[in-house]
Amino acid sequence: MKYFCAMNTFSRILTDWYETNKRDLPWRDISDPYKIWVSEIILQQTRVGQGYGYYTHFVRRFPDVQALAQATEDEVMRYWQGLGYYTRARNMHQAAQSMNGKFPQTYQEVRALKGVGDYTAAAICASAFNMPYAAVDGNVYRVLARHFGIDKPIDSAEGKKLFTALAQELLDKRQPGTFNQAMMDFGATVCTPHRPHCEKCPLADTCEAVRQGLTDKLPVKRHQTKSTDRYFTYLYVMCGDRICIRKRTQNDIWKGLYELPLIESAHRLNENELTERPEFKLWLANGSLPRPQPLEMGVRHVLSHQIIHADFYALFLSEDTTSFRPFLRAERADLTRFAFPRLIQVFLERH
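Quick caveat, the model's predicted, so the values are computed rather than measured. (Residues numbered from 1 in each chain as written. Predicted model: local features only at pLDDT ≥ 70, side-chain atom pairs only at ≥ 80, totals over all residues. Heavy atoms only, no water.)

## Structural notes on the environment of Leu218
- With respect to the helices, strands and loops of the structure, Leu218 is situated in the loop between helix H12 (208-212) and strand S1 (228-239).
- Residue Leu218 is classed as buried on the basis of its relative accessible area of 6%.
- C-alpha of Leu218 to C-alpha of Val38: the two residues are 180 residues apart in sequence and 31 Å apart in space.
- If near-sequence neighbours (up to four positions away) are discounted, Leu218 is found in contact with Ala145, Arg146, Gly149, Ile150, Asp151 and Ala209. (Helix = DSSP H or I, 4+ residues; strand = E, 2+ residues; numbered from the N terminus. Buried < 20%, exposed > 50% of the residue type's maximum accessible area, 1.4 Å probe, protein only. Contact = heavy atoms within 4.5 Å.)

Okay, here's the thing in structure tokens:
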């Protein structure tokens, strides 16, 4: 393959750069597969700067597989609150419960864990067990596409196969964990998605993207995911001193987290439309006609491929009301026991 050239030089320069410039992170230079696993799951969709604090907080409470397996889902979700992509936490909890107290020791067993894909399995096995597996993610695609001038789409089957083979060929088999970490750090700090630091890149002299002026064109992605707009109307229902909440159980965003009573619609609801919604009428006891009071309107919350447009209304009911029976009534002081989406958490902090 024409891309397989000067590989020893590439790997040597990269690892030499890493030894001098690597970031000081708590999951580095350790061989505990559990803690490496936790760090990799956190960093799947989270930048290092944000993930650092969550990692230390999480492993302090759940220092090993047994501790995580024995925890309740609600507690695990509380420690994940604010990180987003909550499926990661649920999968990790279920995976811990499947381990019988001991982290698996082979690539096949690690790969079979719930929520673990090819990249995560390779990263864990290389760092914890010194197994020769190249971890290939967005950083690696970008570094390899630019350096070797590869225009195969990274989201195509052909492209994924090519980049995986190239990364595996480049892998320093003597220190696979170090090589994988070097690729991650290099992509995150030098060969960045926008405005890469080519002027301080130790590989610039042999980089095809630099030579051809293609750093802003590579890597190539065939499909761009479009964002979806969703319209949420939340009800901040006070029954005396208690707040109505419920757990999200449907297969959707924020599954397993708690929320306020919610009505989703195809567009923003005005007050009259809200009170005419079947859900609103169903939650109210017969003869009860409280008027919702606007609290916060037009709150915009951006997720990876969704934009939530949220309105918050208040309803103040008596402590003995029979309205909103399907909901849990929580004391204000007890709200810290529940994990909420960031959108709701920020609202509750303000109110």
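## Things to note about the environment of Arg291
- As for its placement among the helices and strands, Arg291 is situated in the loop between helix H14 (278-283) and strand S5 (293-302).
- As a C-alpha pair, Arg291 and Gly84 span 207 residues in sequence and 33 Å in three-dimensional space.
- Sequence-distant contacts of Arg291, that is, excluding residues within four places in its chain, are made with Glu271, Asn272, Thr275, Ala314 and Leu315.
- Side-chain polar atoms of Arg291 contact the side chain of Glu271, separated by 3.2 Å. (Polar contact = N/O pair within 3.5 Å; in protein donor to acceptor, adjacent residues only side chain to side chain.)

## So, the pairing of S5
- As defined by bridge partners, S5 adjoins strand S6 (residues 306-317) across seven bridges and the pair is classed as antiparallel. Bridging from a neighbouring strand, His301 pairs with Ile308 of S6.
- A loop of three residues connects S5 with S6, the two strands running antiparallel in sequence. (Pairing = 2+ DSSP bridges.)

## Details of the nonpolar core
- Grouped together as the largest cluster of nonpolar side chains are 64 residues, with contacts concentrated most on Trp37, Phe58, Tyr234 and Leu260.
- In terms of residues, this core owes the most to one element, helix H2 (residues 33-42), which gives six residues.
- The next biggest cluster of nonpolar side chains, apart from the first, holds 37 residues, and it includes Tyr119, Leu162, Cys201 and Ala204. (Core = buried A, V, L, I, M, F, W, Y, C linked by side-chain atoms within 4.5 Å.)

## Details of empty space enclosed by the protein
- Counted under the stated rule, the structure contains two cavities of 30 Å³ or more.
- Reported here for the largest cavity is a volume of approximately 110 Å³.
- Arg146, Phe186, Cys191, Cys201 and Cys207 are, among the 15 residues lining the largest cavity, the residues nearest its centre.
- Among the elements that make up the lining of the largest cavity, the one with the highest residue count is helix H9 (residues 138-148) (three residues).
- Residue composition of the lining of the largest cavity, grouped by class: 11 nonpolar, three polar and one charged.
- Looking at the second largest cavity, the residues that line it are Glu40, Tyr119, Ala123, Ser127, Ala135, Asn180, Gln181 and Met184.
- Secondary-structure elements contributing two or more residues to the lining of the second largest cavity are helix H8 (118-129) and helix H11 (176-189).
- When its residues are assigned to classes, the lining of the second largest cavity shows four nonpolar, three polar and one charged. (1 Å grid on protein atoms, 1.4 Å probe; cavity = no way out; pocket = protein on both sides within 12 Å on 5 of 7 lines; lining within 4 Å. Points joined across faces, edges and corners; volume = space filled by probe spheres on them. Nonpolar A, V, L, I, M, F, W, Y, C, P; charged D, E, K, R; others polar.)

## Quick notes on helix H10 (residues 157-170)
- The terminal C-alpha atoms of H10, which comprises 14 residues, lie 20 Å apart, in line with the 20 Å expected from a rise of 1.5 Å per residue.
- All of the buried residues along H10 are Gly159, Leu162, Phe163, Leu166, Ala167 and Leu170. Down the axis of H10, the buried side of the element spans an arc of 125°, and every buried residue falls inside it. What points out from H10, more than 90 degrees from its buried face, is the exposed set Ala157, Glu158 and Lys161. (Expected span 1.5 Å × (residues − 1). Arc of directions from axis to C-beta.)

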